[in-house]
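As a plain string of letters, each chain reads:
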Amino acid sequence: MTGPRVVALGDSITLGVGDGVQHSRGDVGWAAHAARALGASTFENLAANGVRARDMLAQQVAAASALQPDIVLLTVGGNDVLRGDFSPAEVERALGDAIDTLARPGRTLVTVSLDRIGLFDLAPGRVADAMARRIGLANAAIARAVARSDVAVIDGATLLASLGRRAWHIDRIHPSPQGHRALAGAAVALLAPAWPQRAVVPDPPAPPSRIAVAAWLAVNGVPWALKRSRDLIPQVTMVVARELREERRLAREGAAGTGFTRPGTDGRARAADA
């Protein structure tokens, strides 16, 4: 039996960022590991860093469809959450349109719902909560987009949470080598009825040295932080400030409401039931 034709598309998670501190395109990442485990006859990884749902639809979907894959593996939505103009409706619309284009009889699509971004667990509580709410909105958008299709969805939050801190790469945004392999294993299990596993998912590499970690942070982490300091952080700050104002408004209204009275049945005013 010839192995399946596998195409991967989406963002840096599909590309394989986090699966070690150095990698070659197509060699690492959950999609690449899954393709090898399935004995893929061909594997093309069209994913790219920084891709949002709308970018995937505009830049990758047509090329993926032209390759006539048996299996499509994708992750998307994480970069939308990390942008100031995040729109759950846009994620739902773009992913839904991508699915409509890619879905064919005999073709299986697998995607991943988003986990809470570990980096923001290190931030002040209100910022962490605001980002967690964004993740929830993105996952709800993903769920609506796939609801009318047969797309298989890996529960990224549950799967990666089972690994604890080992699930995270140095940047605490992408899956670690262990995280990528867990996602690959989940994908292979979902695909098993049509495409039996032919090889094992490889063990993760040894943890990087301190020098490798420092080099990665200097080359990748600092530039990323500078970009998001001009986009995401100001927007999240505004979200948190807006929530604080709303909480204070509700508190004032609640305090004022405790003195509210209404006519009783005997014609006298009595305290309102709350």
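Residues numbered from 1 in each chain as written. Predicted model: local features only at pLDDT ≥ 70, side-chain atom pairs only at ≥ 80, totals over all residues. Heavy atoms only, no water.

Here we look at the nonpolar core
- Within the largest apolar cluster, 30 residues are counted, with the highest numbers of intra-cluster contacts made by Leu-9, Met-56, Leu-74, Val-81, Leu-95 and Leu-102.
- Secondary structure elements with two or more residues in this core: strand E1 (5–10), helix H3 (53–59), helix H4 (61–66), strand E3 (71–75), helix H6 (88–102) and helix H7 (125–146).
- Sequence-distant contacts of Leu-9, defined by excluding residues within four places in its chain, comprise Thr-14, Leu-46, Ala-47, Met-56, Gln-60, Val-61, Ala-64, Val-72, Leu-73, Leu-74, Thr-75 and Leu-102.
- Counting 21 residues, the second largest nonpolar core, distinct from the first, contains Ala-34, Leu-38, Ile-154 and Leu-183. (Core = buried A, V, L, I, M, F, W, Y, C linked by side-chain atoms within 4.5 Å. Buried < 20%, exposed > 50% of the residue type's maximum accessible area, 1.4 Å probe, protein only. Helix = DSSP H or I, 4+ residues; strand = E, 2+ residues; numbered from the N terminus. Contact = heavy atoms within 4.5 Å.)

Regarding the sheet that holds strand E2 (residues 42–45)
- Spatial strand order, E2-E1-E3-E4-E5: five strands in an open sheet with parallel pairing. Looking at strand neighbours, the two that pair on one side only are E2 and strand E5 (152–154), the edges of this open sheet. Across the sheet, the mean angle from the axis of one strand to that of its neighbour is 15°, orientation sign disregarded.
- As paired strands, E3 and strand E4 (residues 108–112) are joined by four bridges and run parallel to one another. Residue pairing across strands places Leu-73 opposite Val-110, the latter belonging to E4. (Pairing = 2+ DSSP bridges. Axes fitted to C-alpha atoms, helices over the stretch in contact; angles between N-to-C directions.)

Overview of the pairing of E1
- With five of six residues buried, E1 lies mostly within the body of the structure.
- Two strands pair when backbone bridges link them, and E1 and E2 are joined in this way by four bridges, in the parallel orientation. Among the inter-strand pairings, Val-6 is bridged to a residue of E2, identified as Phe-43.
- Strand direction decides the pairing type here: E1 and E3, joined by five bridges, are parallel. Bridge pairing in E3 links Ala-8 to Leu-73.

Looking at the pattern of salt bridges
- Within this structure, the stated rule accounts for nine salt bridges.
- A salt bridge links Arg-5 to Asp-70; its shortest N-O distance comes to 3.5 Å. Of this pair, Arg-5 sits in strand E1 while Asp-70 sits in the loop between H4 and E3, placing them 65 residues apart in sequence.
- Between Asp-80 and Arg-52 there is a salt bridge, with the nearest N and O atoms lying 3.3 Å from each other. In this pair, Asp-80 is assigned in helix H5 (residues 78–81) and Arg-52 in the loop between E2 and H3, connecting sequence segments 28 residues apart. Both residues of the pair, Asp-80 and Arg-52, count as buried.
- In the salt-bridge network here, residues are joined through shared partners; they are Arg-52, Arg-54, Asp-80, Asp-85 and Glu-90. (Salt bridge = Lys/Arg side-chain N within 4 Å of Asp/Glu carboxyl O.)

Focus on the pairing of E4
- Most of E4 is tucked away, with four of its five residues classed as buried.
- Across three bridges, the pairing between E4 and E5 is parallel. Looking at the pairing, Val-110 lines up with Ala-152 of E5.

Details of the environment of Ile-99
- As for its position among the elements, Ile-99 is in helix H6.
- Classification of Ile-99 as buried rests on a relative accessible area of 4%.
- When the C-alpha atoms of Ile-99 and Val-72 are compared, they prove to be 9.9 Å apart, with 27 residues separating the residues in sequence.
- If we ignore the near neighbours within four places in the chain, the residues touching Ile-99 are Leu-109, Ala-145, Val-146, Ser-149 and Val-151.

Quick notes on the confidence of the model for the chain
- Looking at the chain, pLDDT values average 81 and 72% of them are 70 or higher.
- Counted against residues more than four places away or in other chains, residues 260–274, with its pLDDT under 50, gives 14 contacts. (pLDDT = per-residue confidence, 0-100.)

Regarding the side chain of Thr-111
- Tracing the backbone shows Thr-111 in strand E4.
- When neighbours within four sequence positions are excluded, Thr-111 is seen to be in contact with Leu-74, Thr-75, Val-146, Val-151, Ala-152, Val-153 and Ile-154.

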